[in-house]
Amino acid sequence: MKFFFDNNLSQHLAHGIRELSELTPGVEAVIHLTDRFERNAPDVTWIGDLSQDGPWYIVSIDRFKKQHGAEREAIRRAGHTVFVLDGQWSKHGFWMQTERFVRWWPQIVDYSDRVSGGAYRVPWQHSPSAKFQAIPF
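Every value quoted in this text rests on a predicted model; they were computed, and no experiment measured them. (Residues numbered from 1 in each chain as written. Predicted model: local features only at pLDDT ≥ 70, side-chain atom pairs only at ≥ 80, totals over all residues. Heavy atoms only, no water.)

A. Molecular detail of the packing of helix 1 (residues 11–20) against helix 5 (residues 94–112). Between helix 1 and helix 5, the shortest axis-to-axis distance is 11 Å and the interhelical angle comes to 35°. Helix 5 is crossed by helix 1, and the crossing has right-handed handedness. Contacts from His12, Leu13, Ile17 and Leu20 of helix 1 reach helix 5 at Phe94, Thr98, Phe101, Val102 and Trp105. (Axes fitted to C-alpha atoms, helices over the stretch in contact; angles between N-to-C directions. Helix = DSSP H or I, 4+ residues; strand = E, 2+ residues; numbered from the N terminus. Left-handed = near helix turned anticlockwise from the far one by under 90°. Contact = heavy atoms within 4.5 Å.)

Quick look at the structure:
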């Protein structure tokens, strides 16, 4: 599984998760948008270019509703799966987001191993029994 962190999340979070995932079976790659694209690359551009390596699991706070659905269509065509962090995530600073994301990470990896395509909301409140909510995409 390959994970791609959108630019609305810290590259430090993505790189930390990459390091923490070195021993996680099935996780091939964890990168941040800036590891591969210009910081201001349009979503439709990087979504399409990313598909050259096969489908990715995208982690973002963005709901991809700009450009009249073009982003969502590009995601569907590429076969990517999206984990959308609930809007409440953006109300918290880096360290709170990081602490919470590290708690969610094993569940995200486990869920990713069972799904392909679609979009899922990651709530702010963490629970080991929490389920990801499918988002119409």
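B. A look at the side chain of aspartate 43. Topologically, aspartate 43 is positioned in helix 3 (residues 43–50). Side chain to side chain, aspartate 43 and tryptophan 46 meet in a polar contact 2.9 Å long. (Polar contact = N/O pair within 3.5 Å; in protein donor to acceptor, adjacent residues only side chain to side chain.)

C. Looking closely at the pairing of strand 1 (residues 2–5). Residue alternation in strand 1 divides its side chains into two sets, Lys2 and Phe4 and Phe3 and Phe5, and both sets are buried. Here four bridges tie strand 1 to strand 2 (residues 29–32), and the two strands are oriented parallel to one another. In the sheet register, phenylalanine 4 faces strand 2, and the bridge partner there is isoleucine 31. When strand 1 meets strand 3 (residues 57–60), the two strands line up parallel, connected through three bridges. Of the residues in strand 3, the one forming a bridge with phenylalanine 4 is isoleucine 58. (Buried < 20%, exposed > 50% of the residue type's maximum accessible area, 1.4 Å probe, protein only. Pairing = 2+ DSSP bridges.)

D. Spotlight on the side chain of glutamine 97. Residue placement: glutamine 97 occurs in helix 5. Contacts of glutamine 97, omitting those with residues within four sequence positions, involve Leu9, Ile61, Trp89, Ser90, His92 and Trp124.

E. Representation of helix 3 within the structure. Looking only at helix 3, the buried set comprises Asp43, Trp46, Ile47 and Leu50. The buried residues of helix 3 occupy an angular sector of 105° when the element is viewed end-on, so they sit on one face. In the core, the buried residues of helix 3 are packed alongside strand 1, helix 2 (33–36), strand 3 and helix 4 (70–78). (Arc of directions from axis to C-beta.)

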